[in-house]
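What the coordinates show
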Amino acid sequence: MSSAAVEDVCIIGFGAIGALYAFALGRSGKARVTAICRSNYDSLRERGLDIESDRFGTYSQWKPDRVVRTVEEAADRHYSYVICSFKCIPEIITTPALLGPLLSQLKPGGPTTTFVLLQNGIGIEDDLVAALAQIDSPTAVVSGCCWVDTTAIEGGTKIVQRSRERLVLGCHRIPNAREQVGEKALRAICELFKAGGSDVEAAVDIDIARWRKVLWNASFSTLCTLTRAHVGNVLALETSRNALKDIMREVLAVARATLTPSSAVDEVLADSVVDEIVDTENHASVFRPSMLVDLDCGRPMEVEAIVGGVLRRARAKNVPTPKLDLIYAGLSVIQSTLIKPKP
């Protein structure tokens, strides 16, 4: 394959999600992958990653085309796609600030750069969309909901993915940008992931999909984290099951107040989805959500992305959220101890 047929892709955040989809893009034969990673830089450079995936297959010692430590080091070329698979934690650094060296490379009349946010939460695109609206360069913002069970093990040298994998992508409108640019970018990145073997879907309205996913994250992830319990423990008691449902109903109320009414909203975010989520979850599960794993490891959590984003929409629409307010207060106290500088 000629180099002209290969797209340069930069992936920032090389945990389980970033590594899995980097591998998928690499195996497509249509992407030249630059990986930005810190903690696993040496091992990735020296021996690569072992991949054991029900969706993408098994591979020993796979390496991206290029491995760098920093965004500054990566900002030496144009990228067709910048995949953001790092945790969205604006309390520490905003997405535009983190991407600064890459944003500074954007030129008027240059080729299109598509920023793909594979991150949890509501409103994660807001600050990047605002920043790109001030830059005279063709850009697009796509975000995705990753429905996949994947874990990094053995010190981050092996990625394991079990059962289904589904990636739902959709574009966010940038003020003053041509709508056709975003639509074309969405089609192109979907084709790229599809060529790599992903079960990818282009959403007509990605915001609906994001609200559907945050129903689980804002309830299960937060309650598991506050109680330091796995999913099965939280489902074992009627009181905690009822709490999960109450939290989801608050999220649904905010979603409906925020989204433009449509048949898709009525279908995807119906009242019945609350019982459906709780009833179909594995009540014997020992799964620990990533927010709880971050707390276990002493790492900052996605409090603002998962809970704060919902609450900001709630305040804008005057929707009461008493249980989410309490959860946010509790997680914020924990978060403050995690991000406080160590003496």
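Structure first, text after, so check above.
Below you will find a few notes about this structure. Since we're looking at a predicted model, the values are computed, not measured.

1. Points about the pattern of salt bridges
Here the structure, examined in full by the defined rule, presents 23 salt bridges. Ionic pairing is found between aspartate 199 and arginine 55, a salt bridge with its closest N-O pair at 3.9 Å. Pair noted here: aspartate 199 is in the loop between helix H7 (179-195) and strand E10 (200-202) and arginine 55 is in the loop between strand E3 (49-53) and strand E4 (57-62), with a separation of 144 residues, a long-range link. For aspartate 199, a relative accessible area of 34% translates into the label partly exposed. Among the charged side chains, a salt-bridge network with shared partners connects Glu52, Asp54, Lys158 and Arg162.

2. Remarks on the packing of helix H8 (residues 206-227) against helix H14 (residues 303-316)
Running from amino to carboxyl end, H8 crosses H14 at an angle of 120 degrees, the nearest separation of the two axes being 9 Å. Overall, the two elements H8 and H14 adopt an arrangement that is oblique. The way H8 lies across H14 gives a crossing that is left-handed. The segment H8 lies against H14, with Trp211, Val214, Asn217, Ala218 and Thr222 engaging Ile306, Val307, Val310 and Arg313.

3. Brief notes about the pairing of strand E9 (residues 158-172)
Inspection of the sheet shows E3 paired to E9 by 4 bridges, in the parallel sense. Residue pairing across strands places isoleucine 51 opposite isoleucine 159, the latter belonging to E9. Bridge analysis of strand E8 (residues 139-153) against E9 gives 13 bridges, and the strand direction is antiparallel. Across the sheet, the residue bridging to serine 143 is glycine 170, located in E9. Connecting the antiparallel pair E8 and E9 is a turn made up of 4 residues, with glutamate 154 showing a positive phi of about 50 degrees. Bridge analysis of E9 against E10 gives 3 bridges, and the strand direction is parallel. Across the sheet, residue leucine 167 finds its bridge partner in E10, namely valine 200. Of the crossover connections in this fold, the one passing from E9 over H7 to the parallel E10 is right-handed.

4. So, unusual backbone geometry
Although it is not a glycine, arginine 228 adopts a positive phi angle of roughly 55 degrees. Position of arginine 228 among the secondary structure elements: in the loop between H8 and helix H9 (231-235). The residue asparagine 318 is not glycine, and still its phi comes out positive at about 55 degrees. Assignment of secondary structure puts asparagine 318 in the loop between H14 and helix H15 (322-339). Judged by its relative accessible area of 69%, asparagine 318 falls in the exposed class.

5. A closer look at a nonpolar patch on the surface
Among the surface-exposed residues, Ile92, Ile93 and Ile339 lie close enough to one another that they form a single nonpolar patch of about 240 Å² accessible area. Relative to the helices and strands, isoleucine 92 resides in the loop between strand E6 (81-84) and helix H4 (95-98).

6. Regarding H14
With 14 residues, H14 extends 19 Å from end C-alpha to end C-alpha; this agrees with the ideal 20 Å at 1.5 Å per step. Roughly 30 degrees is the biggest bend found in H14, and it falls at glycine 309. Of all 14 residues that make up H14, 10 are buried, and the element is covered over most of its length. Every buried residue of H14 is listed here: Val303, Glu304, Ala305, Ile306, Val307, Gly308, Gly309, Val310, Leu311 and Ala314.

Rules and cut-offs
Residues numbered from 1 in each chain as written. Predicted model: local features only at pLDDT ≥ 70, side-chain atom pairs only at ≥ 80, totals over all residues. Heavy atoms only, no water. Salt bridge = Lys/Arg side-chain N within 4 Å of Asp/Glu carboxyl O. Helix = DSSP H or I, 4+ residues; strand = E, 2+ residues; numbered from the N terminus. Buried < 20%, exposed > 50% of the residue type's maximum accessible area, 1.4 Å probe, protein only. Axes fitted to C-alpha atoms, helices over the stretch in contact; angles between N-to-C directions. Parallel < 35°, antiparallel > 145°, perpendicular 65-115°, else oblique. Left-handed = near helix turned anticlockwise from the far one by under 90°. Contact = heavy atoms within 4.5 Å. Pairing = 2+ DSSP bridges. Right-handed = clockwise from strand over helix to strand, strands pointing away. Patch = residues over 30% accessible without salt bridge, like charges linked within 9 Å, V, L, I, M, F, W, Y side chains within 5 Å. Areas by Shrake-Rupley, 256 points an atom, 1.4 Å probe, with all protein chains shown as cover. Expected span 1.5 Å × (residues − 1). Bend = angle between axes of the 7 residues up to and from the residue.

Any link to function would need more than the numbers given here.
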